[in-house]
Amino acid sequence: MRNAVRAIEECPLSAVCRAGVLPSSASNGLDVDWEEVGFCTVSQMAAVAAIQLAGLNAHVEQRYTLPKTGACSYMMRMDYCKVLGIEVEEGFVRHRADGRFVPLTAIPIDEMSADPGGTADLLTEVVSVNAGFNASTSDSLGMSFCEVIDNIVQHSEAPAPGIAGAQWFPTMGYVETCVADCGIGIAQSMATNGIYSGLSDNELLEKAFEYETGQWYGRSSYGSKEVSGGVGLSYSANLVRAVGGHLWAVSHSSAVHISSAGTTRLDGLYYPGTVISMKIPKTDREVLESDLFPDGEDLPLRYEPGEGIYTEEFNNPLW
C-alpha cells in the first residue's frame, strides 16, 4: 500500500487500484502490506477490506501487515480489524463517532437481511452534519446512497458482503465516502441488457451513470422483481455535479471520474468488483429537482423511503 492523497480533486483510490496491484479475484490469495503507510483514507480501507472479506468467504490464505505508524490506530478505530475478524490489542480508548465518521460496515448480500436504507442513513448523517446540507440536499444524498448500496444486493452477484464507510476531514472541508463489493462489476451487469449490445466495458460503465439506464431498464415484465426506473446511479452523478463534489468508480478494468467538469475515463486502474468513492464538500447549495432529473422543476426535492420523491412546494410524488 501507498499513502493516500488528500486534496478533494485527487482520486483516493489511485494508490490501491493501480493495475497489477490487486488480484484478479479474492480467491487467488491475498498479501496485504500496510506497514509503511502513514496516512490512509476510508476509501482505501473499504476497497481492501471488501476483497479480504471475499477472500475469507472463499477460504483462501491471507497475510496482512498493519502500519507501524499512527495509521494503525486509525484503521482500528475505523473497525478495519473488527469487520475482518482480526484479533488485535487496540491499546487505546475508543470515542463515539458523534457524526464525524462511519466505521467500516458490512453490507449483507442476502435480500432478507440487507438494509440499504440503514447504511445509507449513516453515510448521509455524516455528510449532512459536517457539510452543512439543508433538508433537500440531505434527502437527495440519502436517496443516492440507497441506490448505490442497493446495487450490491440487486446486481453485483457478490459472493460476500460489501463494505461501506465515511470520514469527515475538517481541515480539508469535505466528507469522503466509499462503497465497495467484489461482484461481477457494472459492465458485466449492464451487458445482460440487449439495449447496450456492442458497447465496450468502458462505455457501459459511463452509461450506467446516465439517466434512464441500467441492467433491468426497459426490459422488465409484469410481476417480475427485476423492475427499474433506470435512474439509480444517475442520482449520485448529478448530485456531486450540483454540490461541487467528485465521484470515482472503478469496476474491474474500467474506471471513471465524475464532477461538475463532466465525466472522464480513467486508465490504468483495476478492482475485482466495484468500488465507488465520493468526496463531498461543505456547501449551502440546495439540490433541486432540475439538478437530478433532466425535465425537473427548479424546486427543492424531498425523499422518504416508502413514500417516494416529491417537491416541497406541491408535495406531489414523482415516483
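Residues numbered from 1 in each chain as written. Predicted model: local features only at pLDDT ≥ 70, side-chain atom pairs only at ≥ 80, totals over all residues. Heavy atoms only, no water.

Turning our eyes to something else, we now look at the layout of surface pockets. Taken as a whole, the second largest pocket spans an internal volume of roughly 270 Å³. Contributing to the lining of the second largest pocket are Tyr74, Arg77, Met78, Arg94, His95, Ala97, Arg100, Phe101, Gln167, Trp168, Phe169 and Pro170. Mapped onto the lining of the second largest pocket, the elements with two or more residues apiece are helix 2 (71–77) and strand 4 (162–169). In terms of residue count, strand 4 provides more of the lining of the second largest pocket than any other element does, three residues in total. Considering only residue class, the lining of the second largest pocket consists of seven nonpolar, two polar and three charged. (1 Å grid on protein atoms, 1.4 Å probe; cavity = no way out; pocket = protein on both sides within 12 Å on 5 of 7 lines; lining within 4 Å. Points joined across faces, edges and corners; volume = space filled by probe spheres on them. Helix = DSSP H or I, 4+ residues; strand = E, 2+ residues; numbered from the N terminus. Nonpolar A, V, L, I, M, F, W, Y, C, P; charged D, E, K, R; others polar.)

Next up on the list: the pairing of strand 7 (residues 254–259). Consecutive residues of a regular strand have side chains that alternate between opposite faces of the sheet. By the criterion of burial, strand 7 is predominantly enclosed, with six of the six residues buried. Here strand 7 shows two buried faces, one formed by Ser254, Val256 and Ile258 and the other by Ala255, His257 and Ser259. Note: strand 6 (residues 246–252) against strand 7, five bridges, orientation antiparallel. Note that in strand 7 the partner of Ser251 across the bridge is Ser254. Remark: one residue form the turn of the hairpin made by strand 6 and strand 7, two consecutive strands paired antiparallel. Bridge analysis of strand 7 against strand 8 (residues 262–265) gives four bridges, and the strand direction is antiparallel. If you follow Val256 over to strand 8, its bridge partner there is Arg265. The hairpin formed by strand 7 and strand 8 contains two residues between the paired strands. (Buried < 20%, exposed > 50% of the residue type's maximum accessible area, 1.4 Å probe, protein only. Pairing = 2+ DSSP bridges.)

Examined against the element boundaries, Gln52 turns out to sit in helix 1 (residues 42–57). Taking relative accessible area as the criterion, Gln52 reaches 2% and is therefore assigned buried. Among residues more than four places away in sequence, those in contact with Gln52 are Leu30, Val32, Gln62, Tyr64, Tyr80 and Leu84. (Contact = heavy atoms within 4.5 Å.)

In space, the seven strands of this open sheet follow the order 3-4-5-9-6-7-8, with antiparallel pairing throughout. In the strand order of this sheet, the two ends are held by strand 3 (101–107) and strand 8, each with one partner. Neighbour to neighbour, the strand axes of the sheet diverge by 10° on average, direction disregarded. Here strand 6 runs beside strand 9 (residues 271–281); their pairing, made up of seven bridges, is antiparallel. (Axes fitted to C-alpha atoms, helices over the stretch in contact; angles between N-to-C directions.)

Taken as a whole, this structure holds eight salt bridges when the rule is applied. With its nearest N and O atoms 2.9 Å apart, the salt bridge here joins Arg285 to Asp291. Residue classification places Arg285 among the partly exposed positions, given a relative accessible area of 30%. The network of salt bridges with common partners includes Asp31, Glu61 and Arg63. (Salt bridge = Lys/Arg side-chain N within 4 Å of Asp/Glu carboxyl O.)

For the rest of this paragraph, the subject is the confidence of the model for the protein chain. This prediction gives the protein chain a mean pLDDT of 86; 89% of its residues lie at or above 70. Per-element averaging of pLDDT across the protein chain places strand 11 (residues 308–311) at the bottom with 69 and strand 7 at the top with 98. (pLDDT = per-residue confidence, 0-100.)

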